[in-house]
Amino acid sequence: MMAKCKSCNDEDKKIKVSFCPKCKSTQIRHIFELRTLFGVMPKMKCKSCGNEMIVFPILVTTKKALEKSIKLNSKKNKNG
């Protein structure tokens, strides 16, 4: 039986998450295009609203707080 690693399972561990300033979603993905192959910085795109930027703001939070925020946002989207 192996002991659980506290640093791997710690809910209070700080994590960095990109978020969309337009809709506050954390569903940010890189867009890979032909120009990315030539060394040009790739764009990022929000999967929720389609907002495209080169760099999205980064939020430093905990895993526990992020999960709570995602639950609240999903409830808001369902209600209105």
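Coordinates for the structure precede this section.
Keep in mind it's a predicted model, so treat the numbers as computed, not measured.

Q: Let's hear about a nonpolar patch on the surface: which residues, and what values?
A: A contiguous nonpolar patch, built from M41, I54 and V55 and spanning about 300 Å² of accessible area, is present on the exposed surface. In this structure, I54 sits in the loop between β4 (52-53) and β5 (58-62). Residue classification places I54 among the partly exposed positions, given a relative accessible area of 48%.

Q: Give a detailed account of the layout of surface pockets, specifying residues and quantitative values.
A: Put simply, the largest pocket is a space of about 350 Å³. K24, S25, T26, I70 and N73 are the residues nearest the centre of the largest pocket, which is lined by 16 residues in total. Of all the secondary-structure elements, those providing two or more residues to the lining of the largest pocket are β5 and α3 (63-79). The class makeup of the residues in the lining of the largest pocket is six nonpolar, nine polar and one charged.

Q: Can you break down the state of the cysteines residue by residue, with the values?
A: By the definition in use, this model includes zero disulfides. Counting only cysteine sulfurs, C49 is the nearest neighbor of C20, a cysteine outside any disulfide, at a range of 3.7 Å. A disulfide-free cysteine, C23 has its sulfur positioned 3.6 Å from the sulfur of C46, the nearest such atom. A relative accessible area of 33% places C23 in the partly exposed class.

Q: Please provide a residue-by-residue account of the sheet that holds strand β3 (residues 43-46), values included.
A: Strand order in the open sheet formed by three strands is β2-β3-β4, and the pairing between neighbours is antiparallel. Edge positions in the sheet fall to β2 (28-31) and β4, since each has one partner strand and no second. The pairing of β2 with β3 spans four bridges and is antiparallel. Residue pairing for β3: R29 is matched across the bridge by K45.

What counts, and where the lines are drawn
- Residues numbered from 1 in each chain as written.
- Predicted model: local features only at pLDDT ≥ 70, side-chain atom pairs only at ≥ 80, totals over all residues.
- Heavy atoms only, no water.
- Patch = residues over 30% accessible without salt bridge, like charges linked within 9 Å, V, L, I, M, F, W, Y side chains within 5 Å.
- Areas by Shrake-Rupley, 256 points an atom, 1.4 Å probe, with all protein chains shown as cover.
- Salt bridge = Lys/Arg side-chain N within 4 Å of Asp/Glu carboxyl O.
- Helix = DSSP H or I, 4+ residues; strand = E, 2+ residues; numbered from the N terminus.
- Buried < 20%, exposed > 50% of the residue type's maximum accessible area, 1.4 Å probe, protein only.
- 1 Å grid on protein atoms, 1.4 Å probe; cavity = no way out; pocket = protein on both sides within 12 Å on 5 of 7 lines; lining within 4 Å.
- Points joined across faces, edges and corners; volume = space filled by probe spheres on them.
- Nonpolar A, V, L, I, M, F, W, Y, C, P; charged D, E, K, R; others polar.
- Disulfide = S-S within 2.5 Å.
- Pairing = 2+ DSSP bridges.

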